[in-house]
Amino acid sequence: MLSRLGALLQEAVGAWEPTIDLLEAFVEHWKGITHYYIESTDENTPVKKTDIPWRLKQMLDILVHEERQQAAGEAGPCLEYLLQHKILETLCTLGKAEYPPGMRQQVFQFFSKVLAQVQHPLLHYLNVHRPVQKLLRLGGAPGSLTEKEEVQFTTVLCSKIQQDPALLTYILEGKKTVAPKKASQESTSLPRETASIEDQDHPHSKAPDGAGALTAQLPVEPQEPDEGIGESNLITSLVGLCKSKKGRVALKAQENLLLLVSVAPQAAAAYLVRSSPCCPAIVKHLCQLYQSLPTFLDPADIAALEGITWRLPSAPSDEGNFPGKEALAAFLGWFDYCDHLIMEAHAVVADALAKAVAEKLFVEILQPQLLHVSEQSVLTSTALLTALLRQLRSPALLGEAVAFLLGSEQRSAAPEDSPCTPCAHLIRHCDHLSDEISIATLRLFEELLQKPHEQIIRSLVLCHLEGRLYAARGSQEPESYEDNLDLEEDPYFTDGLLDAGFQPSAKPHPAPATNSDGKTAVTEIVNSFLCLVPEEAKTSAFLEETGYDTYVHDAYGLFQECSSRVSPWGWPLALTPLDPHEPERPFFEGHFLRMLFDRMSRILEQPYSLNLQVTSVLSRLALFPHPLIHEYLLDPYISLAPGCRSLFSVLVRVIGDLMQRIQRVPQFPGKLLLVRKQLMGHIPGEQLDHQTLLQGVVVLEEFCKELAAIAFVKFPPQGPHLHLPPPLEGHV
């Protein structure tokens, strides 16, 4: 009987002669499947050794062929039978029982192919989307034997949702999409004109023989409440598949999840945030990956994995191995994915996910580690936070990161004064007893300054410079920068320094040239910085290497990038004139600039790597195209109010300190040139007396050239006549 029916159906599928009753064939195949469960006594035979896969394939082919014969939008008898008799529900139960072995895989495949190949809209029907939800709950477990079939199934669902985003609500909310009824009354949600097959006198309108016995042999599923599906749905299934060890499965699941959150309409987006485990599940995995990292990671190892993305989450094989490398790559990859989700998602989902990342990762995990007494904990967490900032692209998550570090914009303008934010602690870490922690935290601030968020530069710097309280009221323009700094009152210049041989590398300038808008001419600023370091402390001219012109080239690119980033912020182009009658008030540069100036004043005593990082942060600040920043950091001729200091005044005092120290270093010029050659890799490094001092002098010379270049590209001269000193060679 079975072989005769098989031959008959094969002919029907091949030739589709009109004499074949498709519904009869469809029902016979379904009866064949149900009879297997009633008659079989061998529970160990794999499903592939039975005729179940073949029968499911024939049922699929019949549905597809039948649809081709129907008018557009009409459901044929076989499709009606599938829906009326809850075949998908029964198959889902069979898949859950995993009997015979491998049945779950067959069910996933059948669902995927029916939804993909049958063009008639199906997911709106209760007897389709309810078993779809049940089937989703069978998957999503990492390491599942059906991962491939599960991700194919979710891909089909996401494709259907992309075509009709309103379907997402059906898939997520489940029974909430229909009026609550008793299960016995919910036969189908087919339209009235197609839902009446059981009312017709059709020989196959009742359940096939043995169906009752089959149901009795299968596990009984508890009735689900009408309020939806709680903690298990398409989202949790996709998040589970995202954790797969199989790269292709994980990547496809991530693409599907990204598609869902990007096409979600307002109602579905609100449901994702309010009633689904979407954001908690995604962030929970992020936090689990962080917790799996080693307690200590070298900042250099963290920086080496800078190129990790969610599409390429594996650590580069050409990088050196270190403990925790793969775990770190997995964490950075998933963070990049979260950032990408926030970038592409509906605004409602994006904001909720960004807040969840900030609360669970930044506040609950990272903040205690940043403030920990353990130096290893502080160092590792600071380096990791820097890596996260470097990867961060989405405005919503950037806003949360800035609020975490600096406080919300509604709070005090000076975040370092607020005990509620990590900012004050991080600024103190820049002047830590541990040079490693100081360098790592300075790198964090340098990365932060490159993010497109105005509150960063405003909170750290601009809020302290507004009002120009650093500038003296009612004073005449200084005749030279020496006059501006009141050298006769400076302790560095009252110890006979000029008599001891201190001379600037150029003669004192006459009154500085000014443009029509009152700003100091760029030629004067450039020359002031280039001539600041005395000739006996310069060595770059002795080496045939790139020099000031290279700094100009680099500064131009960085300035263009910075200007583009801040252009939406509507900054003023010129300074607000001072009121000479306004009484002077105390000026405080803020904890951030004070820390940088203090560090800069100790450049001759600090390690080379620390000096490089301090000057790098100051250079980043000087690049900002705001008139207050330009005046305070780059104008040597500004008339400072009593007790105030600027970057240039700090540098002049460093030069005064340097001239005192030079007197105590035998053969200073030769040793200085030797150290420069060592730093540039021209000769092997060897320990010298006064090495820290000599390295500091090299950094000082290069930093002055860099500041001159920044000033030049920010305000290029109006004509071709820029008179610079002879080219200064050498670049460290």
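Residues numbered from 1 in each chain as written. Predicted model: local features only at pLDDT ≥ 70, side-chain atom pairs only at ≥ 80, totals over all residues. Heavy atoms only, no water.

**Some remarks on the overall build of the chain**
Here is step 1: Of regular secondary structure, the chain possesses 32 helices and zero strands.
Here is step 2: Looking at the chain as a whole, 54% of its 732 residues are labelled buried.
Here is step 3: Sequence separation of 24 or more characterises 79% of the internal contacts of the chain that already satisfy a separation of 6 or more.
Here is step 4: As presented, the chain carries roughly 32,500 Å² of accessible surface, and 52% of it is formed by carbon and sulfur atoms. (Helix = DSSP H or I, 4+ residues; strand = E, 2+ residues; numbered from the N terminus. Buried < 20%, exposed > 50% of the residue type's maximum accessible area, 1.4 Å probe, protein only. Contact = heavy atoms within 4.5 Å. Areas by Shrake-Rupley, 256 points an atom, 1.4 Å probe, with all protein chains shown as cover.)

**Looking at the packing of helix α30 (residues 647-662) against helix α32 (residues 691-714)**
Here is step 1: Relative to each other, α30 and α32 sit at 150°, their axes nearing to 12 Å. When you trace α30 past α32, the crossing you get is left-handed. Within the contact between the two elements, α30 uses Leu647, Leu651, Val654, Ile655, Leu658 and Arg661 and α32 uses Leu693, Val697, Leu700, Phe703, Cys704 and Leu707.
Here is step 2: Partitioning the contact of α30 with α32 into residue classes produces 11 nonpolar, no polar and one charged. (Axes fitted to C-alpha atoms, helices over the stretch in contact; angles between N-to-C directions. Left-handed = near helix turned anticlockwise from the far one by under 90°. Nonpolar A, V, L, I, M, F, W, Y, C, P; charged D, E, K, R; others polar.)

**With respect to empty space enclosed by the protein**
Here is step 1: Within the structure shown, the criterion is met by four cavities of 30 Å³ or more.
Here is step 2: Roughly 50 Å³ of volume is contained in the largest cavity.
Here is step 3: It is helix α3 (residues 52-69) that contributes the most residues to the lining of the largest cavity, three residues altogether.
Here is step 4: Partitioned by chemical class, the residues of the lining of the largest cavity number four nonpolar, two polar and three charged. (1 Å grid on protein atoms, 1.4 Å probe; cavity = no way out; pocket = protein on both sides within 12 Å on 5 of 7 lines; lining within 4 Å. Points joined across faces, edges and corners; volume = space filled by probe spheres on them.)

**Thoughts on the side chain of Lys538**
Here is step 1: Assignment of secondary structure puts Lys538 in the loop between α25 (522-530) and α26 (548-566).
Here is step 2: The exposure class assigned to Lys538 is buried, which follows from its relative accessible area of 11%.
Here is step 3: One polar contact links the side chain of Lys538 to the main-chain carbonyl oxygen of Leu530, over a distance of 2.9 Å. (Polar contact = N/O pair within 3.5 Å; in protein donor to acceptor, adjacent residues only side chain to side chain.)

**A few points about the pattern of salt bridges**
Here is step 1: Going through the model one piece at a time under the given rule, you end up with 25 salt bridges.
Here is step 2: The shortest N-O distance in the salt bridge between Arg311 and Glu255 comes to 2.9 Å. Taken as a pair, Arg311 in the loop between α15 (299-304) and α16 (325-344) and Glu255 in helix α12 (residues 247-263) lie far apart in primary sequence, 56 residues in all.
Here is step 3: Its relative accessible area of 45% is what places Arg311 among the partly exposed residues.
Here is step 4: Connected via shared salt-bridge partners are Arg676, Glu701, Glu702 and Lys705. (Salt bridge = Lys/Arg side-chain N within 4 Å of Asp/Glu carboxyl O.)

**Observations concerning the packing of aromatic side chains**
Here is step 1: In the structure shown here, the tally under the stated rule is 17 aromatic pairs.
Here is step 2: Between Trp310 and Tyr337 the ring centres are 5.2 Å apart and the planes differ by 50°, which places this aromatic pair in the tilted class. Placement of Trp310 in the loop between α15 and α16 and of Tyr337 in helix α16 is noted, with a sequence separation of 27 residues between them.
Here is step 3: We classify Trp310 as buried; its relative accessible area is 6%.
Here is step 4: Seen from their ring centres, Phe587 and Tyr632 are 5.7 Å apart, and the 70° between their planes marks the pair as edge-to-face. Residue Phe587 is found in the loop between α26 and α27 (591-601), and its partner Tyr632 is found in helix α29 (residues 627-634); the two are separated by 45 residues along the sequence.
Here is step 5: Classification of Phe587 by relative accessible area gives buried; the value is 15%.
Here is step 6: In this structure an aromatic cluster arises from ring pairing among Tyr470, Phe587, Phe597 and Tyr632. (Phe/Tyr/Trp six-rings, centres within 6.5 Å; stacked < 30°, edge-to-face > 60°.)

**Some words on the environment of Tyr551**
Here is step 1: Along the chain, the position of Tyr551 falls in helix α26.
Here is step 2: Using a relative accessible area of 7% as the deciding quantity, one classes Tyr551 as buried.
Here is step 3: At 2.7 Å, the side chain of Tyr551 and the side chain of Glu702 are in polar contact.

**Topic: the nonpolar core**
Here is step 1: Counting residues in each nonpolar core, the largest one holds 220 residues, and the members touching the most others are Leu361, Phe362 and Phe592.
Here is step 2: Ranked by the residues each element gives to this core, the list is headed by α32, at 15 residues.
Here is step 3: When neighbours within four sequence positions are excluded, Leu361 is seen to be in contact with Leu286, Cys287, Tyr290, Phe331, Phe335, Ala356, Leu366 and Leu388. (Core = buried A, V, L, I, M, F, W, Y, C linked by side-chain atoms within 4.5 Å.)

**Focus on α26**
Here is step 1: Between its first and last C-alpha atoms α26 spans 26 Å; for 19 residues at 1.5 Å apiece the expected length is 27 Å, and the two agree.
Here is step 2: Considered for burial, the residues of α26 that qualify are Tyr548, Thr550, Tyr551, Val552, Ala555, Phe559, Cys562, Arg565 and Val566. (Expected span 1.5 Å × (residues − 1).)

**So, the state of the cysteines**
Here is step 1: Within the structure shown, the criterion is met by zero disulfides.
Here is step 2: Distance from the sulfur of Cys278, which forms no disulfide, to the nearest cysteine sulfur (Cys279) is 4.7 Å.
Here is step 3: Among the residues examined, Cys278 registers a relative accessible area of 2% and is labelled buried.
Here is step 4: Residue Cys287 stays outside any disulfide, its sulfur separated by 9.0 Å from that of Cys338, the closest cysteine. (Disulfide = S-S within 2.5 Å.)

**Things to note about the environment of Tyr637**
Here is step 1: As for its position among the elements, Tyr637 is in the loop between α29 and α30.
Here is step 2: Overall, the relative accessible area of 1% leaves Tyr637 in the buried class.
Here is step 3: Considering only alpha carbons, one finds Tyr637 and Ser528, 109 residues apart in sequence, at a separation of 9.2 Å.
Here is step 4: Engagement of the side chain of Tyr637 in a polar contact is seen with the side chain of Glu524, the distance being 3.4 Å.

**Description of the packing of helix α17 (residues 347-370) against helix α18 (residues 375-391)**
Here is step 1: At their nearest, the axes of α17 and α18 sit 7 Å apart, and the two run at 140° to each other. Classified by the interaxial angle, the pair formed by α17 and α18 is oblique. For the pair formed by α17 and α18, the contact residues are Leu361, Phe362, Leu366, Gln369 and Leu370 on the first element and Ser377, Val378, Ser381, Thr382, Leu385 and Leu388 on the second.
Here is step 2: In terms of residue class, the contact of α17 with α18 is built from seven nonpolar, four polar and no charged. (Parallel < 35°, antiparallel > 145°, perpendicular 65-115°, else oblique.)

**Focus on the environment of Leu83**
Here is step 1: By the secondary structure assignment, Leu83 is in helix α4 (residues 77-84).
Here is step 2: Residue classification places Leu83 among the buried positions, given a relative accessible area of 1%.
Here is step 3: In this structure, the C-alpha to C-alpha distance between Leu83 and Leu122, residues 39 residues apart in sequence, is 9.4 Å.

**Examining unusual backbone geometry**
Here is step 1: In this structure, Pro100 follows Tyr99 across a cis peptide bond, with omega equal to -5°.
Here is step 2: For Pro100, the location among the structural elements is in the loop between α5 (87-97) and α6 (103-117).
Here is step 3: Its identity as a non-glycine residue notwithstanding, Glu98 has a phi of 55°, on the positive side.
Here is step 4: Of note, Glu98 is situated in the loop between α5 and α6.
Here is step 5: Even without glycine at this site, His690 takes up a positive phi of about 60°.
Here is step 6: Of note, His690 is situated in the loop between α31 (668-679) and α32.

**Quick notes on the confidence of the model for the chain**
Here is step 1: With 78% of its residues at a pLDDT of 70 or more, the chain shows a mean pLDDT of 82.
Here is step 2: In the model, residues 15-19 has pLDDT below 50 throughout and makes six contacts with residues more than four positions away in sequence or in other chains.
Here is step 3: Across residues 476-511, where pLDDT falls below 50, the model places 64 contacts with residues more than four positions away in sequence or in other chains. (pLDDT = per-residue confidence, 0-100.)

**Some thoughts on a negative patch on the surface**
Here is step 1: A cluster of acidic residues, Asp298, Glu375, Asp435 and Glu436, forms a negative patch at the surface.
Here is step 2: Topologically, Glu436 is positioned in helix α21 (residues 435-449).
Here is step 3: Residue class for Glu436 comes out exposed when judged on its relative accessible area of 52%. (Patch = residues over 30% accessible without salt bridge, like charges linked within 9 Å, V, L, I, M, F, W, Y side chains within 5 Å. Lys, Arg positive; Asp, Glu negative; His and termini not counted. Charge placed at Lys NZ, Arg CZ, Asp CG, Glu CD.)

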